[in-house]
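Observations on the three-dimensional arrangement
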Amino acid sequence: MVHLSPALRRTDPYPFEELDRRKAEAIAAGRPVVDFGVGDPREETPAFIREALKDAITPTSSYPRAAGLPELRIAIAAWVERRFGTRLDPDAHILPTLGSKEPIFHLAQSILDPDGGKDRVLVTTPGYTIPERGTRFAGGEATRLPLTEADGFLPDLNAVEDATWDAAAALWVNYPNNPTGATAPLDFLRSAAERCRAHGTLLASDEAYCELWFDGEPPASALQVGDLTNVLAFHTLSKRSSMTGYRSGFVAGDPDVIAALKALRPSVGVTPQEFVQRASVAAWSDEAHVEETRAVYARKRKLFLDLFSSHGVRVAGSEATFYLWVVVPGGSTSLEWSIALLEDADVIVAPGSFFGPDGEGYARMAMVPTIEECERAAEALDRVLGVST
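Residues numbered from 1 in each chain as written. Predicted model: local features only at pLDDT ≥ 70, side-chain atom pairs only at ≥ 80, totals over all residues. Heavy atoms only, no water.

1. Some points on helix α5 (residues 101-111)
Which entries qualify depends on this criterion: The rule is simple: take the accessible area with a 1.4 Å probe, protein chains only, and divide by the maximum for that residue type; under 20% is buried, over 50% is exposed, in between is partly exposed. Secondary structure elements follow DSSP: runs of H or I of four or more residues count as helices, runs of E of two or more count as strands, with numbering from the N terminus. Note on contacts: a residue pair is in contact if any heavy atoms of the two residues lie within 4.5 Å.
Listed in full, the buried residues belonging to α5 are E102, P103, I104, L107 and A108. Turning to α5, the residues buried within the fold contact β2 (94-97), α6 (130-137), β5 (168-174), β6 (202-206), β7 (231-236) and α10 (255-268).

2. Thoughts on a nonpolar patch on the surface
Convention followed: Candidate patch residues must exceed 30% relative accessible area and have no salt bridge, after which like charges are joined if within 9 Å and Val, Leu, Ile, Met, Phe, Trp or Tyr side chains if within 5 Å. Throughout, the Shrake-Rupley method with a 1.4 Å probe supplies accessible areas, and for residues the shown protein chains are the sole cover considered. Should a side-chain nitrogen of Lys or Arg be within 4 Å of a carboxyl oxygen of Asp or Glu, the pair is scored as a salt bridge.
Taken together, V2, L4, L8 and F137 make up a surface patch of nonpolar side chains, about 360 Å² in accessible area. Considering the arrangement of structural elements, one finds L8 in helix α1 (residues 6-9). Owing to a relative accessible area of 41%, L8 belongs among the partly exposed residues under this scheme.

3. Quick look at the sheet that holds strand β12 (residues 350-351)
Cut-off, in case you're wondering: At least two DSSP bridges between two strands are required for those strands to pair. Helix axes use the C-alpha atoms of the stretch in contact, all axes being lines fitted to C-alpha atoms, and the angles between their N-to-C directions lie in the range 0 to 180 degrees.
Read across the open sheet, the four strands follow the order β9-β10-β13-β12; overall the sheet is antiparallel. This sheet does not close on itself; its edge strands, each paired only once, are β9 (315-316) and β12. One ladder, built from five bridges, connects strand β10 (residues 323-327) with strand β13 (residues 362-366); its direction is antiparallel. Bridge pairing in β13 places W325 opposite R364. Across the sheet, helix α12 (residues 288-310) touches β9, β10 and β13, and the angle it forms with β10 is around 10°.

4. Re the pattern of salt bridges
This model, assessed by the stated rule, comprises 22 salt bridges. We note a salt bridge from E81 to R87, for which the minimum N-O separation is 3.0 Å. Residue classification places E81 among the partly exposed residues on the basis of a relative accessible area of 35%. Assessed through its relative accessible area of 67%, R87 is described here as exposed. The salt bridge involving D187 is made with R190; its shortest N-O contact spans 3.6 Å. With D187 and R190 both in helix α8 (residues 186-198), this residue pair falls three residues apart, about one helical turn. One salt-bridge network, held together by shared partners, links R31, E343 and D346.

5. A short note on the packing of aromatic side chains
What counts here: Aromatic rings from Phe, Tyr and Trp, taking only the six-membered ring of Trp, are treated as a pair when their centres fall within 6.5 Å; an angle between ring planes under 30 degrees marks them as stacked, one over 60 as edge-to-face, and anything in between as tilted.
This structure, assessed with the given rule, holds 15 aromatic pairs. Both rings, one in W79 and one in F250, keep their centres 6.3 Å apart while their planes meet at 75°; by these two values the pair is edge-to-face. Taken together, the residues span a long stretch of sequence, with W79 in helix α4 (residues 70-84) and F250 in strand β8 (residues 249-253) at a distance of 171 residues. Both residues of the pair, W79 and F250, count as buried. Consider the rings of F153 and Y362, whose centres lie 6.4 Å apart with planes at 75°: the pair is edge-to-face. With F153 in the loop between β4 (141-146) and α7 (162-167) and Y362 in strand β13, this residue pair connects regions lying 209 residues apart in the sequence. An aromatic cluster is present here, built from W79, F84, F250 and W284 joined pairwise through their rings.

So this is what it looks like as C-alpha cells:
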C-alpha cells in the first residue's frame, strides 16, 4: 500500500464534488437542472481574445520562461495603473501565473518557515478553501478568522493575539469576497498591510472578482495601499474576461517576494503557455468587453434580487462579484435548503457550510448560467418560494 502524506490523508474532498454528483444524478433522470453552485462563468470568451490566441499558435513551440513574456507584464502594469492608479515596474513587481488558484495554493511553500517561527497562515471563513489547503500541504497550520454580517464580513484583526500574528507567515484576504460578495474599504486594506508589516507577515490579497461591481465606486485593491512591502495581490482573467479555461492571471507586489516566487517557478513548471499569454495581452488591454460582461451580470443580479425581495428572502453582503449570499429561510440548514431547491425547482445552489462552519445559515448563488437559464430558474424559484414563504 502506498504511503500518503499526512496532508493528503487529512484533506477533505473538495465540497463541489458532491454538488457535481447530485447534478449528474438529476441530469441522468432527465431533469432540466440550472446550476448556480460552482462559479464557472458561461459567458463567451470575447472573439478578439480567441483570435489573439489563434494568431499566437506557431508551428513550433518552446517552454515559456518563468518570468512570463515582457509584453504581458507591460500590459498588466498598464492595466494596474489605469485601474488602481498605481505604477508598477513590469520586471520587478509583476509575475504572470497559471490563473490565480495555482499561486494561491503554492504561496505557502515559499513563505512558511516553522524553524524560524513562521508556521501559521491566517485565513478567513466562510471563504475560498485553497489558501488553507495550500497551507496544510506545505506543513503549516491555518488559523481561521470569522467573517460575520455584523462586521460587514471583514475580519476583526484586533481579535488576533500578538503571538498568533508573530507566528503568521501570511494573512489571506479576499475582496470582493467569495462567497459573501462583500467589499473592503481601502482603509481596511491599509490597516491590514500595516499590521502585517509590524509582525513580519505577508498580506496576500485575492482580488479575482475586482471587476465585477455594480454600484458606486469600483472595489479597492491592496495595490493601492502605498507601501507594497509585505503585500501581494492576486488577479485573474477568469471572471473579468470569461477566460476560466485559459488559466491566466498574475501576482503583483513586494519585489523581494516576487523575485523569490520567480526563483521557485522553474522547478514547478506552471508558467502559462505563450499563446495564452499573448491572448492575455489582448484581454488586459481592453475594457469594453469588461463593461459588457458587467452589464450582463447586473441584469442577472437584479432578476434574483427582485425575486428574493418579493418573497421576503434576505440577501446579505452581495455588493460585488457574481455571487448572491442568500440567508436561508425557514430555519433549515444550508444543505437542507439546497437539496430542497434541487428537488423542487431543479436549481442548484451551494450550501454556505461548504465554505466553512461560519457559512452555515446562508447559501451561495453563482449567477453564471445564461440569461435564459436564469429566467427559467427564477420562474421555478418563484413557484417554490411562493409555497414555502
